[in-house]
Amino acid sequence: MFAITVKQPWAYHILNSGKNIENRTWKLPEHHRNTWIALHAAKTYDKTSNETVITPTFLTPAEYGAILGFVKFSDCVENHPSQWAAFGQYHWVISEAVKIDKPIPCRGNLGLWRVDENLIQSVNTKIFVQLALSS
């Protein structure tokens, strides 16, 4: 399984506020469309987010440096009309997002990276059941 690391508060908004776009400087590889990708929250907070609702103190330490859920990207476009779309970026369109009950602490990485399957399976097979039910 692959994962993508997203800084806070963006990971929070994908899973809780209906953020339907992930902004990237590079295109989503075609073979990753419509597949489950683990959503990893970085250990850092995006200070340029201009967030007023969610602040670093609102998020718990467990919501940093951990897999918080899973997403599916259905498309990759430029100039998406979403309020979440950043100018000059590729907009990865999020079609599904599932938050897991308990964060899975692990190191993130740049780009799309492989998650150790044993790490996810050791937490609980309930995650895979949850993903299957949401499809």
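Look a little higher up for the structure.
Remember, it's a predicted structure, so these values are computed and weren't measured experimentally.

As for the packing of aromatic side chains
Geometrically, a pair of aromatic rings is defined through the distance of the ring centres and the angle of the planes.
Turning to step 1, where the next piece is worked out: Summed over the entire model, instances satisfying the criterion amount to three aromatic pairs.
Turning to step 2, where the next piece is worked out: Between the aromatic rings of Trp 10 and Trp 84, the centroid separation amounts to 6.3 Å while the plane-to-plane angle is 85 degrees, which identifies the pairing as edge-to-face. You can see Trp 10 sitting in helix α1 (residues 10–16) and its partner Trp 84 sitting in the loop between β4 (66–77) and β5 (90–105), a full 74 residues away along the chain.
Turning to step 3, where the next piece is worked out: The buried category is assigned to Trp 10, whose relative accessible area is 19%.
Turning to step 4, where the next piece is worked out: Overall, the relative accessible area of 17% leaves Trp 84 in the buried class.
Turning to step 5, where the next piece is worked out: Ring geometry for Phe 73 against Trp 92: centres 5.1 Å apart, planes inclined by 85 degrees, an arrangement best described as edge-to-face. Of the two residues, Phe 73 sits in strand β4 while Trp 92 sits in strand β5, which places them 19 residues apart along the sequence.

Thoughts on the pairing of strand β1 (residues 2–8)
Turning to step 1, where the next piece is worked out: Counted residue by residue, β1 has five buried out of seven residues, so it is predominantly covered.
Turning to step 2, where the next piece is worked out: Relative to strand β3 (residues 37–45), β1 runs parallel, the two sharing six bridges. Bridge pairing links Val 6 to Ala 41 in β3.
Turning to step 3, where the next piece is worked out: Both β1 and strand β6 (residues 112–114) contribute to a ladder of three bridges, which runs antiparallel. Opposite Ile 4, over in β6, you have Leu 112 as the bridge partner.

Focus: the side chain of Glu 22
Turning to step 1, where the next piece is worked out: Topologically, Glu 22 is positioned in strand β2 (residues 21–24).
Turning to step 2, where the next piece is worked out: Judged by relative accessible area, which is 6%, Glu 22 ranks as buried.
Turning to step 3, where the next piece is worked out: Aside from chain neighbours lying at most four places away, what touches Glu 22 is Val 6, Ile 14, Phe 73, Tyr 90, His 91, Trp 92 and Ile 94.

Quick word on the pattern of salt bridges
Turning to step 1, where the next piece is worked out: Per the stated rule, a full pass over the model turns up five salt bridges.
Turning to step 2, where the next piece is worked out: Asp 75 is paired through a salt bridge with Arg 33; the nearest N and O atoms lie 2.7 Å apart. Here the residue Asp 75 occupies a position in strand β4, and Arg 33 occupies one in the loop between β2 and β3, the gap between them amounting to 42 residues.
Turning to step 3, where the next piece is worked out: One network of salt bridges, with partners in common, ties together Lys 19, Glu 22 and Arg 24.

Observations regarding the pairing of β4
Turning to step 1, where the next piece is worked out: Of all 12 residues that make up β4, nine are buried, and the element is covered over most of its length.
Turning to step 2, where the next piece is worked out: With five bridges joining them, β3 and β4 adopt antiparallel strand pairing. What sits directly across from Leu 39, in β4, is Gly 69.
Turning to step 3, where the next piece is worked out: Sheet topology note: the β4/β5 ladder contains 10 bridges and is antiparallel.

About the cut-offs
Residues numbered from 1 in each chain as written. Predicted model: local features only at pLDDT ≥ 70, side-chain atom pairs only at ≥ 80, totals over all residues. Heavy atoms only, no water. Phe/Tyr/Trp six-rings, centres within 6.5 Å; stacked < 30°, edge-to-face > 60°. Helix = DSSP H or I, 4+ residues; strand = E, 2+ residues; numbered from the N terminus. Buried < 20%, exposed > 50% of the residue type's maximum accessible area, 1.4 Å probe, protein only. Pairing = 2+ DSSP bridges. Contact = heavy atoms within 4.5 Å. Salt bridge = Lys/Arg side-chain N within 4 Å of Asp/Glu carboxyl O.

That's the geometry; what it means functionally is another story.
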